[in-house]
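# Structural description and commentary
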Amino acid sequence: MKKILIVEDDQFLAKLLASKLASSETNLEVETAFNGEEALKKIQEKKYDLIVLDLILPQKDGFEFLAEKQKSDKIKETKIIILSCLGQEQDREKALKFGAVDYLVKSQQSLPEVVERIKKHL
């Protein structure tokens, strides 16, 4: 069973995306974290196949999370897809440099498109 962690402070969006992912494929376990600190705790306890990460988060933002990920051998290889409102090229380049495998801008993607991109990386 593939495991996905959605790190998103908008609880409605996080639950909606989790629900869509869980119903789109039967062999998928989806969990959510609503801030960077909570996400870091979860990845220390469990191995995920993929993390969907917002960049603007309370406590630890997405870039801080990515920096922590680089330091941890346990999660260094976990794939991360950025799903953020930040659409600037410099944000995209920074996230990809930190090891993200994909970068999606919320306003430019529909929910089904996001689900398809996630499934593509699994």
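See above for the structure.
Residues numbered from 1 in each chain as written. Predicted model: local features only at pLDDT ≥ 70, side-chain atom pairs only at ≥ 80, totals over all residues. Heavy atoms only, no water.

## So, the packing of aromatic side chains
Inspection of the entire model under this criterion finds zero aromatic pairs. The ring of Phe 63 has Lys 94 lying over it, and the distance from NZ or CZ to the ring centre is 4.3 Å. (Phe/Tyr/Trp six-rings, centres within 6.5 Å; stacked < 30°, edge-to-face > 60°. Lys NZ or Arg CZ within 6 Å of the ring centre and 35° of its normal.)

## Overview of unusual backbone geometry
Of note in the backbone geometry, Gln 59 takes a positive phi value of approximately 70° without being a glycine. Take Gln 59: it is sitting in the loop between β3 (50–53) and α3 (62–71). Gln 59 sits in the exposed class, given a relative accessible area of 59%. (Helix = DSSP H or I, 4+ residues; strand = E, 2+ residues; numbered from the N terminus. Buried < 20%, exposed > 50% of the residue type's maximum accessible area, 1.4 Å probe, protein only.)

## Digging into the nonpolar core
Counting 21 residues, the largest nonpolar core has Leu 5, Val 7, Ile 43, Ile 51, Leu 53, Phe 65 and Ile 82 as its most contacted members. Elements with a contribution of two residues or more to this core: β1 (2–7), α2 (36–45), β3, α3, β4 (79–84) and β5 (102–105). (Core = buried A, V, L, I, M, F, W, Y, C linked by side-chain atoms within 4.5 Å.)

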